[in-house]
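Listed below, chain by chain, are the residues.
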Amino acid sequence: MPHLNLAFQKLIFVGLMRQWTRRWTRTLALAAAFGVAGGALAARTAHAGEEDDLQRQIETQRAGVPDLERLDELHAAGDEIVLLKSWLDEAWSLRAKHEYDDVRAVLDRALAQAELIRQKIAASKLRAQADKREAALQETRHKIDVARKALADTTIKKKALEASSK
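One structure accompanies this document, and this report is about it. Everything quoted here is computed from the prediction, not taken from an experiment.

Each helix and strand in the protein was counted, giving 3 helices and 0 strands. Across the protein, helices and strands are ordered from the amino to the carboxyl terminus as α-α-α. Looking at the protein as a whole, 16% of its 166 residues are labelled buried. In the protein, the proportion of contacts linking residues at least 24 apart, taken out of those at least 6 apart, comes to 69%. When the accessible surface of the protein is totalled, it reaches about 12,800 Å², and 63% of it is carbon and sulfur.

Let us now look at the side chain of Glu-51. The residue Glu-51 is located in helix α1 (residues 2-71) in this model. Since its relative accessible area comes to 19%, Glu-51 is described here as buried.

A full pass over the atoms with the stated rule returns 9 salt bridges. Of the charged contacts, one joins Arg-104 and Glu-50 as a salt bridge, the two residues approaching to 1.8 Å between their closest N and O atoms. Remark: Glu-50 occurs in helix α1 and Arg-104 occurs in helix α3 (residues 100-165); sequence separation between them is 54 residues. One salt bridge in this structure joins Glu-115 and Arg-118, with 3.5 Å as the shortest N-O distance. Separated by 3 residues within a single helix, Glu-115 and Arg-118 lie in helix α3, roughly one turn from each other.

Axis separation between helix α2 (residues 78-96) and α3 bottoms out at 9 Å; the angle between their running directions is 165°. Accordingly, the angle class assigned to the pair α2 and α3 is roughly antiparallel. In the crossing of α2 with α3, the sense of the turn from one axis to the other is left-handed. Facing α2, whose interface residues are Glu-80, Ile-81, Leu-83, Leu-84, Trp-87, Leu-88, Glu-90, Ala-91, Leu-94 and Arg-95, α3 presents Tyr-100, Asp-102, Val-103, Val-106, Leu-107, Arg-109, Ala-110, Gln-113, Ala-114, Leu-116, Ile-117 and Lys-120. The residue makeup of the contact of α2 with α3, split by class, is 15 nonpolar, 1 polar and 6 charged.

The subject of this paragraph is the nonpolar core. The nonpolar side chains of soluble globular proteins are, as a tendency, buried together. In terms of nonpolar packing, the biggest core is built from 19 residues, with Leu-68, Leu-84, Leu-88, Ala-91, Val-103, Leu-107 and Ile-117 touching the most fellow members. Of all elements in the fold, only α1, α2 and α3 reach the threshold of two or more residues within this core. Ranked by residues supplied to this core, first place goes to α3 with 8 residues.

Moving on to α3. The end-to-end C-alpha distance of α3, which contains 66 residues, comes to 96 Å, matching closely the 98 Å that a straight helix rising 1.5 Å per residue would cover. Taken as a whole, α3 has its buried residues at Tyr-100, Val-103, Val-106, Leu-107, Ala-110, Gln-113, Ala-114, Ile-117, Ile-121 and Ser-124.

The next point concerns unusual backbone geometry. One non-glycine residue, His-75, adopts positive backbone phi at about 55°. Among the structural elements, His-75 can be located in the loop between α1 and α2.

Rules of the game
- Residues numbered from 1 in each chain as written.
- Predicted model: local features only at pLDDT ≥ 70, side-chain atom pairs only at ≥ 80, totals over all residues.
- Heavy atoms only, no water.
- Helix = DSSP H or I, 4+ residues; strand = E, 2+ residues; numbered from the N terminus.
- Buried < 20%, exposed > 50% of the residue type's maximum accessible area, 1.4 Å probe, protein only.
- Contact = heavy atoms within 4.5 Å.
- Areas by Shrake-Rupley, 256 points an atom, 1.4 Å probe, with all protein chains shown as cover.
- Salt bridge = Lys/Arg side-chain N within 4 Å of Asp/Glu carboxyl O.
- Axes fitted to C-alpha atoms, helices over the stretch in contact; angles between N-to-C directions.
- Parallel < 35°, antiparallel > 145°, perpendicular 65-115°, else oblique.
- Left-handed = near helix turned anticlockwise from the far one by under 90°.
- Nonpolar A, V, L, I, M, F, W, Y, C, P; charged D, E, K, R; others polar.
- Core = buried A, V, L, I, M, F, W, Y, C linked by side-chain atoms within 4.5 Å.
- Expected span 1.5 Å × (residues − 1).

Quick look at the structure:
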């Protein structure tokens, strides 16, 4: 009898095991199906978030262009500003085509271009300041030369008057 009881217990265990295995198999299959669909949904959400981020970056850089134009009082970086605008337009069209890697590359180029523009503007302002100081220096030197000549003429006249009065 104990052998019969043991065999019965094994049968029940194997039956339960099969039932348990079937349940787990179904659960894992459903989880995998939802996991793949959820992963695709998460990927689309990440794509949308990435697209929004790139759009924000493009709009931020576009908003900075009028500031660069305003800073360029001497019009030293006009061509570079036009190039920056064209690159931002290119980034916008690439974003619309969902070519995000290319958009990032163009945005990096545009950031470097904006920095180049700032540097050119600063250099042109410093060059203008140096030219202004150089002109002031030349004017001062000219005044000094005129004063020296006047002093020399006055000295000659003084000596001539002293000589004529003796």
